[in-house]
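Structural overview for review
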Amino acid sequence: MNVYYGIQEFKKLENAVVTSGTFDGVHLGHQKILKRLNEVAELTNGESVVITFYPHPRSVISPDNQIVKLLSTLEEKIELLEKSGVNNLLIVPFTREFSELSSEEFIQKILIETIGTKTLVIGYDHRFGKNREGGFDYLKLNKEKYGFGIEEISRQDIENVGVSSSKIRKALQEGDVPSADHFLGRNYSLSGVIVKGKQLGRTIGFPTANIQVREIAKLIPLDGVYAVKVYYKDEAFGGMLNIGNRPTVDGTFQTVEVNIFEFDQEIYGEKLTIEFLQKIRNEQKFNGLDELKTQIAKDKITCKKILNS
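Residues numbered from 1 in each chain as written. Predicted model: local features only at pLDDT ≥ 70, side-chain atom pairs only at ≥ 80, totals over all residues. Heavy atoms only, no water.

Turning next to the packing of helix α9 (residues 165–173) against helix α10 (residues 177–184). The contact between α9 and α10 brings their axes to 7 Å, and the two run at 155°. In terms of orientation, α9 and α10 fall into the roughly antiparallel class. For the crossing formed where α9 meets α10, the hand is left-handed. Along its contact with α9, which presents Lys167, Ile168, Ala171 and Leu172, the element α10 presents Val177, Ser179, Ala180, Phe183 and Leu184. Split into classes, the residues belonging to the contact of α9 with α10 amount to seven nonpolar, one polar and one charged. (Axes fitted to C-alpha atoms, helices over the stretch in contact; angles between N-to-C directions. Helix = DSSP H or I, 4+ residues; strand = E, 2+ residues; numbered from the N terminus. Parallel < 35°, antiparallel > 145°, perpendicular 65-115°, else oblique. Left-handed = near helix turned anticlockwise from the far one by under 90°. Contact = heavy atoms within 4.5 Å. Nonpolar A, V, L, I, M, F, W, Y, C, P; charged D, E, K, R; others polar.)

Quick look at α9 now. Within α9, burial applies to Ser165, Ile168, Arg169, Ala171 and Leu172. All buried residues of α9 fall inside an arc of 160° around its axis, so they share one side. (Buried < 20%, exposed > 50% of the residue type's maximum accessible area, 1.4 Å probe, protein only. Arc of directions from axis to C-beta.)

This part takes up the sheet that holds strand β1 (residues 2–4). Spatial ordering of the open sheet is given by β1-β4-β3-β2-β5-β6, a layout of six strands whose pairing is parallel. For this open sheet the edge positions go to β1 and β6 (149–153), each flanked by a neighbour on one side alone. For this sheet the average axis-to-axis angle between neighbouring strands, irrespective of direction, equals 20°. Two strands pair when backbone bridges link them, and strand β3 (residues 47–54) and strand β4 (residues 88–93) are joined in this way by six bridges, in the parallel orientation. By the bridge assignment for β4, Ile51 is matched with Leu90. (Pairing = 2+ DSSP bridges.)

Attention shifts here to the nonpolar core. Taken as a class, soluble globular proteins show a tendency for nonpolar side chains to be buried jointly. Residues Leu241, Val258, Leu272, Ile274 and Phe276 are the most contacted members of the largest nonpolar core, which totals 31 residues. Apart from the residues lying within four places of it in its own chain, the contact partners of Val258 are Pro207, Thr208, Ala209, Ile211, Val228, Val230, Met240, Leu241, Leu272 and Ile274. Formed by 25 residues, the second largest nonpolar core is a distinct cluster that contains Ala16, Ile51, Phe94 and Phe98. (Core = buried A, V, L, I, M, F, W, Y, C linked by side-chain atoms within 4.5 Å.)

The next subject is helix α5 (residues 103–115). Taking 1.5 Å per residue, 13 residues should reach 18 Å; α5 reaches only 16 Å between its end C-alpha atoms and comes up short. Residues of α5 that are buried: Ser103, Phe106, Ile107, Ile110, Leu111, Thr114 and Ile115. The arc enclosing the buried residues of α5, seen along the axis, measures out at 150°, which places them on a common side. Taken from the residues just after α5, Gly116 is the one with a positive phi, measuring 80°. (Expected span 1.5 Å × (residues − 1).)

Put into structure tokens, the structure is as follows:
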């Protein structure tokens, strides 16, 4: 997949089959659109193009510049779109200036002049341009003016999947991992670098890797203990992960710590990827380390049962 970081990098195509959107999480609904995009490209002997935006438009145009918690970092989104079989990805830096483009300017400057769009494939509710003024009806009325074909993925096709990025975010923020994983069509994941913590886990027989998630916008699920899969380099391991402020120990700030089963390596500074399977309990405060140790031993048994199932 060719990746372009800005319209100035993109080389205009002869037969571009295009879609656009934020594609946060590249969930089952997005996958419907991408599947059809690739089908049309193949049928017309063209090249598929996805236009996406970074940072998330809502984090730029919201009155208080509120950060939108994302299901996928830019790096993860690129990887997911490549796995979907897309030929070209254009990442448009989303700024306040760009947000002022009218739908007419977006069509002329981006779709026609930059990309050379011959067919546009969009979801039934997709909007573009300033104040989201452009959409399928507008394009349909003006298709002869613009000179490219338009295909809409129907409401029924999208809603039959019953999924949206906001629905997945809500599920994860409530600790409902199975629903989020179902809507994504895969396990929700996050990646980070291992940093040194207080190493308390070692003293009670459950050493943990303290994960620093560097992308501030990446959504971290609800505090609690989770059964997870852990990927280190090319190997996969089972594990149990705690998200929270460790109330039994200090309770000062949120940490993301994973105990990796059957693993005994020093990996400070290395990258881990975590896949969430199921939340097994809320974080809670115990009456001392012995009580905490007893509960963690029970948690490990529960997590192993989930992993083995």
